[in-house]
Amino acid sequence: MAKKNKPLFKYLLFAISCVFTLSVISAWITPVQAKMSFVPPRRQAPTIETVGGGSRGDTCAIGKSNKKNGAIVKVLPKSNIGLTTKQRPSIMVYVPESSAQSAFFSMQDEDFNHYYQKTLQLPQKAGVMEIKIPISVPALATGKNYQYSLAMICGAELEPDAPLISGWIQRVQPKGNLVNQKASLELASQLASNGIWLDAVSTLAELRKSQPSNQSVVNSWQQLLKSAGLSKIAQEPIVN
């Protein structure tokens, strides 16, 4: 009788082992796939507007092939200001398909002092473009507001009515656990929950470029953008 029960006992042990293994895997995966959500800080962009807002229309043949996302979009929360702990943060902008091949990017402070400007080559397809501030530019001052703008160059030179967007950024003092960490979903989640928008977005952008087939990274990117009211561009690719 004991011999007949041995196969059954082996199957029982195997089943218990499988259940235990699955529970361990589930516990390991769950934190990686945790919901990514932006918690807005208690601050708004300055009311001073030194440049115009977004634009859409026949200029530059914007949106001719994609009516859904046929405008330049600043990758910022509804407050129109993104916080960063970095001296020279990356700025994200969604650029639609158009006839423009370049754009003029500029930054200045609230007192209209020039900080940085450059003519940028636009990507050949629609998507989120990352704009990096070079190391040669002075570090952002902590606690100071800076306004940036991106205007599309539709002809031989920049026109006054060119399609453009503008937004604000502010550098803040970093918390101890958010400094000098390697890019990860956990870091991006911590930054987002602390209201550090620019760093959360750039962290996920770095992960998307280094791990393009990682669905957890893609899902986290989409969740973050949707939580900040950017659902229309949440599924767009990063194009540079």
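Residues numbered from 1 in each chain as written. Predicted model: local features only at pLDDT ≥ 70, side-chain atom pairs only at ≥ 80, totals over all residues. Heavy atoms only, no water.

**So, the overall build of the protein**
Moving on, step 1. Scanning the protein for helices and strands turns up four helices and eight strands.
Moving on, step 2. When the helices and strands of the protein are read in sequence order from the N terminus, they spell out α-β-β-β-β-β-β-β-β-α-α-α.
Moving on, step 3. Burial analysis of the protein (240 residues in total) assigns 43% to the buried set.
Moving on, step 4. Of the contacts made within the protein by residues no fewer than 6 positions apart, 70% connect residues no fewer than 24 positions apart.
Moving on, step 5. Of the roughly 13500 Å² of accessible surface on the protein, 54% is carried by carbon and sulfur atoms. (Helix = DSSP H or I, 4+ residues; strand = E, 2+ residues; numbered from the N terminus. Buried < 20%, exposed > 50% of the residue type's maximum accessible area, 1.4 Å probe, protein only. Contact = heavy atoms within 4.5 Å. Areas by Shrake-Rupley, 256 points an atom, 1.4 Å probe, with all protein chains shown as cover.)

**Some thoughts on the environment of Asp-111**
Moving on, step 1. Relative to the helices and strands, Asp-111 resides in the loop between β4 (102–109) and β5 (114–121).
Moving on, step 2. Separated by 35 residues in the primary sequence, Asp-111 and Tyr-146 have C-alpha atoms spaced 9.3 Å apart.

**Quick word on the pairing of strand β8 (residues 164–171)**
Moving on, step 1. For β8, the buried fraction is high: eight of the eight residues fall into the buried class.
Moving on, step 2. Burial along β8 is two-sided: Leu-164, Ser-166, Trp-168 and Gln-170 facing one way and Ile-165, Gly-167, Ile-169 and Arg-171 facing the other are all buried.
Moving on, step 3. Sheet analysis places strand β2 (residues 81–84) next to β8, joined by four bridges and oriented parallel. Bridge assignment links Ile-81 to a residue of β8, and that residue is Trp-168. (Pairing = 2+ DSSP bridges.)

**Here's the deal with unusual backbone geometry**
It is generally the case that most residues other than glycine have a negative phi and that most peptide bonds are trans.
Moving on, step 1. A positive phi angle, near 70 degrees, is found at Asn-80, a position not held by glycine.
Moving on, step 2. Turning to its location among the elements, Asn-80 is positioned in the loop between β1 (73–74) and β2.
Moving on, step 3. Look at Asn-80 and you get buried, because its relative accessible area is 13%.
Moving on, step 4. Even without a glycine there, the phi angle at Phe-112 is positive, about 70 degrees.

**Quick look at the packing of aromatic side chains**
Aromatic ring pairs are defined here through the distance separating the ring centres and the angle between the ring planes.
Moving on, step 1. One pass over the full model with this rule turns up four aromatic pairs.
Moving on, step 2. Aromatic side chains Tyr-115 and Tyr-146 sit 5.3 Å apart centroid to centroid with 55 degrees between the ring planes, which places their arrangement in the tilted category. Of this pair, Tyr-115 sits in strand β5 while Tyr-146 sits in strand β7 (residues 145–153), and the two are 31 residues apart along the sequence. Here the two residues Tyr-115 and Tyr-146 agree in accessibility, since each one is buried.
Moving on, step 3. Through a chain of ring-to-ring contacts, the aromatic side chains of Phe-105, Tyr-116 and Tyr-148 assemble into a single cluster. (Phe/Tyr/Trp six-rings, centres within 6.5 Å; stacked < 30°, edge-to-face > 60°.)

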